Amino acid sequence: MNILCLCSAFPVNHVTTGALIVSVRPESPSLPLTGRLASPVGTMFRALSRLSTSGFRSVARTRTCYSAPLASRCYSHGKVETEEEFDSRWVTYFSKPDLDAWELRKGMNTLIGYDLVPEPKILDSALRACRRLNDLASAIRILEAVKDKAGPHKEIYPYVIQELKPTLTELGISTPEELGIDKL
């Protein structure tokens, strides 16, 4: 049985197999480290190498360099949500009868955090939630946030207000322009 010489400066060769460190001593000092093992130690070492799944191969194939795994990106394998599903999820969220003021603000912050201007039907549901909570300030802030999200696209905000006008009238909510807040 031959042993890979790991370090020729030491008279005792330490070989690592898994979590065990086994000392292997040659039969005589004149025998090179790659010679035959002494019988008691050799028997023990052969038994260890048989129990080990890789035996000496794990010692012989130690890598001195690290090879990086192939670059791959793991994108979500989940179902992609359509626009209709997205809209219905948010309408359902704001239509919950037990929605409280904190959940309303959290939902609006999450919704405004997306890279989109919410659809009028989502805003209608949010404004109705504000009315259920008797929270006029949140309703006006929602309209201000929509105006801010529209940004340089000046045609979006008038379209949203036009679509929400029946709801605003029904709920008695004034727009920021009607209140003069937009001038501040």
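Residues numbered from 1 in each chain as written. Predicted model: local features only at pLDDT ≥ 70, side-chain atom pairs only at ≥ 80, totals over all residues. Heavy atoms only, no water.

Taking an unreviewed UniProt entry as the reference, the protein chain is identified by name as Cytochrome c oxidase subunit 5A, mitochondrial belonging to Poecilia reticulata. Recorded in UniProt under Sequence similarities (unreviewed entry), the annotation for the protein chain is "Belongs to the cytochrome c oxidase subunit 5A family." What UniProt records for the protein chain under Pathway (unreviewed entry) is the sentence "Energy metabolism; oxidative phosphorylation." (UniProt positions renumbered as here; feature names shortened; annotations may be inferred.)

**A word on the overall build of the protein chain**
When you go through the protein chain residue by residue, the secondary structure sums to 8 helices and 2 strands. Reading the protein chain from its N terminus to its C terminus gives the helix and strand order β-β-α-α-α-α-α-α-α-α. Looking at the protein chain residue by residue over its 184 residues, the buried ones come to 30%. Partitioning the contacts of the protein chain with sequence separation of at least 6, the portion at a separation of at least 24 is 54%. Accessible surface computed for the protein chain: about 12900 Å², of which carbon and sulfur atoms make up 57%. (Helix = DSSP H or I, 4+ residues; strand = E, 2+ residues; numbered from the N terminus. Buried < 20%, exposed > 50% of the residue type's maximum accessible area, 1.4 Å probe, protein only. Contact = heavy atoms within 4.5 Å. Areas by Shrake-Rupley, 256 points an atom, 1.4 Å probe, with all protein chains shown as cover.)

**Side note on the side chain of Thr-175**
One can find Thr-175 in the loop between helix H7 (156-171) and helix H8 (176-179). Residue classification places Thr-175 among the buried residues on the basis of a relative accessible area of 4%. If near-sequence neighbours (up to four positions away) are discounted, Thr-175 is found in contact with Leu-143, Ile-161 and Leu-168.

**Things to note about helix H4 (residues 101-113)**
Spanning 13 residues, H4 covers 18 Å between terminal C-alpha atoms, matching the ideal 18 Å at 1.5 Å per step. For H4, the set of buried residues is Leu-104, Gly-107, Met-108 and Leu-111. In a view along the axis of H4, the buried residues occupy a sector of 95°, so they form one face of it. Exposed side of H4, more than 90 degrees from the buried face: Trp-102, Asn-109 and Gly-113 are the residues found there. (Expected span 1.5 Å × (residues − 1). Arc of directions from axis to C-beta.)

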